[in-house]
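Now for the letters of each chain:
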Amino acid sequence: MKVSFNWLREYVDIDLAPDELGEDLTMAGFEVESISKVDTNLNNVVVGKIVSLKPHPNADKLSLCQVSTGGHLYSVVCGAANMISGDYVALALEGALLPNGVKIKNTKIRGELSQGMMCSEEELKIGRDSQGILILQDGLELGKDIASALNLEDYIFEINITPNRPDCLSIIGIAREIASITGKILKIPKIEFREGNEKIDKLTSVEIHDPELCPRYSASLITDVTIGLSPFWMRRRLESAGIRPISNVVDVTNYVLMEFGQPLHAFDFDLLSERRIVVQRADDGDIFTSLDGMERPLFSDTLMICDGEKPVAIGGIMGGLNSEVSEDTSNVLIESAYFNPTNIRKTSKKLGLQTEASYRFERGVDYGGVIRTLNRATQLVLDFCGGKAAKGVVDQYPSPIFPKEISLSINKTNKILGTSLKKGKVKRHLKGIELDVKDLDRDKVIVKIPSFRMDLHREIDLIEEVARLDGYNNIPTTTPVVRVNTAGKNPAQVLQDSAKDILASMGYLSVALLNLNVEHPYKRFVSIKNPLREDQSIMRTTLIPGLLNTMKTNVYNKNLNLKLFELGTVFYSVEHEKLPKEKKMLSALATGLRYGESWSFPGEGIDFYDIKGSLENLFEGLNIMNFSFLPTPDIPYLHPGKSSIIMVDNTEIGTVGEVRSAVLEGYELSNNIYIFELDFDLMVKHTFSDKKIKPLSKYPPIYRDIALIVDESVQFKDIYNAINKLSNKLVDNIQVFDVYRGISVAHGKKSLAYRIKYQSYERTLTDKEVNNIHEKLVSNLVEKVGARIRE
């Protein structure tokens, strides 16, 4: 969630610098992902006041204005029509350089001197409105730098709010935490407005047909509103939170959403049939057109907000086009409700539609704050849209939810946390986040949980809050005392160990199952003089037998789909050396089904390309480049037709392939097993520490497909290298998407289909340009790898 530093300061006094505040929030359990400064760079743009305005004598569509900055009067020619005498404006004086690159200088326009420019939001890059100049609120200090006058310099906190803390999906929620951390007072906006004489229940009504899915629904009604632009400061705050301003009424609902965390919705009251609201489930197969213009199929558990005849909104998710507030709207009904979080989450997933509203409703909003936020929205609509509020609100709340009370033991809190906190300090911490705390006895307090804290259910939740608020860094580090008991072996286990010891004493070693010849490096064992057991009398030279043994145990237990790996040290004896050679190795094993047993996936088995792909992903993740796979029949424990040596920069670093059937027989296994083993020490030497990152191109790519018939011996890397040798920077990606052998392809041949992505980071490519490059690429493939274009 994006949080404006300036907006936070409306609700709590903050003496800390932004980076200090970010650190304190992090220590209080919040993940502050980034803090970015909002720079305006608006030098020589000041607050001015239009003291006179008259038509330009030589141009019908221009005005000649006299603008005061307090100490000076400037003549300004302006083409906008939205200002009047007395308006406060943003005046760019001579020498100002606007963000769009325009440099302001004194000039004559149609014979009249213009000593500056009155700017729009868009010209200053502080908003999106370009229809007229920016009209400021009255009373600003004339001549003051515009960035300072409008408090434009800001810091935006990107905070990752965990799903259990929906109360912090709002500016006031974060401000409440800051107030607790800093010991300051949370300042909730005062809500006051004048109501009309006509009671709302005479004008509209609400019926809830499914209180399980909608426990509470309230509404207010404002008549004779004027739809227009919301105040600049409100639009600025919404944009800082990543929300696009739309109109004053809609902006108010979004503002209260971000302020209190309560989603609201505004209906055009005149578009509601029978001028009433009915909350009920949809029928399976119903179609509803939402505000985004999409037709959405509904389900029997989709909660709909309806009028007297038809659905007008998907409850808790999005409104409908048929009741949208538009520039012609004069009467609005504002909805504030509490919906069942589980149902909103299910509906949002079914519809593939997540909104700011559903994001909050599915986590749980403040059921006790429904009326407060409704009144706040009504207040702001009256302030910025005019109109008259009906007397009272509609509040349907058939099954009230009562706040729970939890008993908290101070002794238990200290025992679990390892602290020695006093009762008074614990109470201050909890009261700081607006929990109602009262003494129960000398040790315990009773805590009344407010409606906005949906995550507090048990005593341990309160203990976690105490730990968080007191500071995790204040919890002392202790070492737990653990009693270790050694369990004895049963007779069966003793017999098994004896059998293994006997076999080991006769020279039977598990590594012998790999069918290695005497000269193989894996046969250069290092013997241990005083082994704990006979079968542990030598140090391992490879990790592969350990993986196969682990697999064997799993197969005996009917666990047939496996992916295992081990990173460990192996040891080789070195002739004429007292100490063995130590080497870090990385080995992995894969067997069974590719996707496991599932009705939604074919029962395909893992093959060589799966483990090869795993290696490619590993190398890419470790930033190891220039790797290749060279087929070889000379690995004694791997299938001669399904094995390769792994090379990096012409250095052999390992092997990969399918385990030979003769090796599997020694382990009493019959599955197809694929393994790799890598020299990890060599991998480290070939890892690039610096990753190069390039931005996404803003220009569209062009794709070309090509199908080549080549000899079976031709590998992907041969074609890949042939394409790369062209050194054309517009070839951005090469992907194989089909391999075919069969009818129309001669024996000993195969068809490889490639998709080539052409991309420029500087301009939009033309088809003609790409076709010329593609033709050269195809000609080069025909020449270099003996390819033929498949018709």
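Structure's up top.
This text gives an overview of the structure that appears in the document. Small disclaimer: the values here were computed from a predicted structure and weren't measured.

## Considerations on the layout of surface pockets
- The volume enclosed by the largest pocket comes to roughly 2100 Å³.
- What lines the largest pocket is a set of 48 residues, among which Lys612, Glu616, Phe716, Lys717 and Tyr720 lie closest to the centre.
- Those elements giving two or more residues to the lining of the largest pocket turn out to be helix 16 (608-621), strand 32 (627-631), strand 33 (638-648), helix 19 (716-724), strand 37 (731-740) and strand 38 (749-758).
- Considering every element that reaches the lining of the largest pocket, the biggest residue donor is strand 37, with seven residues.
- Residues of the lining of the largest pocket, tallied by class, amount to 20 nonpolar, 14 polar and 14 charged.
- Counting residues domain by domain, the lining of the largest pocket receives three or more from each of domain 5 (491-686) and domain 6 (702-789).

## Brief notes about empty space enclosed by the protein
- Evaluation of the coordinates by the stated rule reveals two cavities of 30 Å³ or more.
- Taken as a whole, the largest cavity encloses approximately 210 Å³ of empty space.
- Looking at the largest cavity, it is lined by 19 residues, and the ones nearest its centre are Asp167, Phe260, Gly261, Asp366 and Phe452.
- For the lining of the largest cavity, the element with the most residues is helix 5 (residues 171-182), which contributes three residues.
- By residue class, the composition of the lining of the largest cavity is six nonpolar, seven polar and six charged.
- Looking at which domains feed residues into the lining of the largest cavity, each of domain 1 (2-39 + 154-182) and domain 3 (195-396) supplies at least three.
- If you trace the second largest cavity, you find it lined by Phe193, Glu195, Ser220, Leu221, Ile222, Asn375, Thr378, Ala389, Ala390, Gly392 and Val393.

## Let's talk about the nonpolar core
- Ile159 and Ile174 are the most contacted members of the largest nonpolar core, which totals 52 residues.
- When residues in this core are grouped by element, the largest group, eight residues, is from helix 7 (residues 248-260).
- Each of domain 1 (2-39 + 154-182) and domain 3 (195-396) accounts for three or more of the residues forming this core.
- Sequence-distant contacts of Ile159, that is, excluding residues within four places in its chain, are made with Met1, Val3, Leu25, Phe30, Glu31, Val32 and Ile174.
- Met304, Leu333, Phe339 and Ala390 belong to the second largest nonpolar core, which has 41 residues in total.

Rules used throughout
Every chain's residues receive numbers from 1 upward, in the order its sequence appears when written. Owing to the predicted nature of the model, reporting of local features is limited to residues with pLDDT of at least 70; listing and counting of side-chain atom pairs is limited to 80 or more, with chain, interface and lining totals taken over all residues. Side-chain numbers come from the whole structure's heavy atoms, not from hydrogens or water. Cavities and pockets were defined on a 1 Å grid built over protein atoms only: a cavity is a set of grid points that admits a 1.4 Å probe from which the probe cannot escape, a pocket is an open set flanked by protein on both sides within 12 Å along at least five of seven lines, and lining residues are those with an atom within 4 Å of any such point. Grid points are joined across faces, edges and corners, and a volume is the space filled by probe spheres set on the points. Only DSSP runs of H or I with at least four residues qualify as helices, and only runs of E with at least two residues qualify as strands; both kinds are numbered from the N terminus onward. Residues are grouped as follows: Ala, Val, Leu, Ile, Met, Phe, Trp, Tyr, Cys and Pro are nonpolar; Asp, Glu, Lys and Arg are charged; all remaining types, including Gly, are polar. Residue ranges assigned to each domain were obtained from an automatic or database domain assignment. Nonpolar cores are built from buried Ala, Val, Leu, Ile, Met, Phe, Trp, Tyr and Cys residues. Side-chain atoms within 4.5 Å join them into one set. Any residue under 20% of the maximum accessible area for its type is buried, any over 50% is exposed, and the rest in between are partly exposed; the area is computed with a 1.4 Å probe on protein chains only. The contact rule is simple, with two residues in contact once any of their heavy atoms fall within 4.5 Å.

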